[in-house]
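Coordinate analysis (summary)
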Amino acid sequence: MQAEMVAIVGFHQDEVGDWVADFSCGHRQHMRHNPPLTDRPWVLTETGRGEFIGRLLVCKQCQDEREANTNMTTDSIDYA
Ligand SMILES: [Zn+2]
């Protein structure tokens, strides 16, 4: 399966103050700084976040949606 890259277009904070990245595909993903589980000190500073704007990454949610669609198609062929 081909991984589709999306860009980080911005950041915002959720209702409890955790940082959330906005992706170009419209999805969002938490970018928590919660050591030692997730160590992202860069997300706490405007400069650090700015360096990630425009970065390309694989959107897990897009992948999950594609896999769900693929599975549905496969199921209907196998079990219909
Ligand atoms: Zn996405």
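Summarised in this report is the structure supplied together with it.

What counts and how
Residues numbered from 1 in each chain as written. Predicted model: local features only at pLDDT ≥ 70, side-chain atom pairs only at ≥ 80, totals over all residues. Helix = DSSP H or I, 4+ residues; strand = E, 2+ residues; numbered from the N terminus. Buried ≥ 20, exposed ≤ 12 C-beta atoms within 10 Å, placed from the backbone. Contact = placed C-beta atoms within 7 Å. Pairing = 2+ DSSP bridges. Axes fitted to C-alpha atoms, helices over the stretch in contact; angles between N-to-C directions.

1. Here we look at the overall build of the protein chain
In terms of helices and strands, the protein chain carries two helices and four strands. Reading the protein chain from its N end, one meets helices and strands in the order β-β-β-α-β-α. Within the protein chain, the proportion of its 80 residues that are buried is 4%. Excluding contacts between residues fewer than 6 apart, the proportion of contacts in the protein chain whose partners are at least 24 apart in sequence is 38%.

2. With respect to the pairing of strand E1 (residues 5-13)
Sheet topology places E1 next to strand E4 (residues 56-58); three bridges connect them, and they run antiparallel. Opposite Ala7, over in E4, you have Leu56 as the bridge partner. Sheet topology places E1 next to strand E2 (residues 19-23); five bridges connect them, and they run antiparallel. Note on E2: the bridge partner recorded for Ile8 is Phe23.

3. Quick word on unusual backbone geometry
Pro35 connects to Pro36 through a cis peptide bond whose omega is 0°. Relative to the assigned elements, Pro36 resides in the loop between strand E3 (28-30) and helix H1 (46-52).

4. Topic: the environment of Phe11
Looking at the secondary structure, you find Phe11 in strand E1. Owing to 18 C-beta atoms within 10 Å, Phe11 belongs among the partly exposed residues under this scheme. Contact partners of Phe11, with chain neighbours within four places excluded, come to Trp19, Val20, Ala21, Asp22 and Arg49.

5. Focus on the sheet that holds E1
Across the sheet, four strands lie side by side as E3-E2-E1-E4; this open sheet has antiparallel pairing. What marks the edges here is a single partner per strand, and that holds for E3 and E4. For this sheet, the mean angle separating the axes of adjacent strands, direction not counted, is 50°. Pairing geometry for E2 and E3, over three bridges, is antiparallel. Looking across to E3, one finds that Val20 is bridged to His30.

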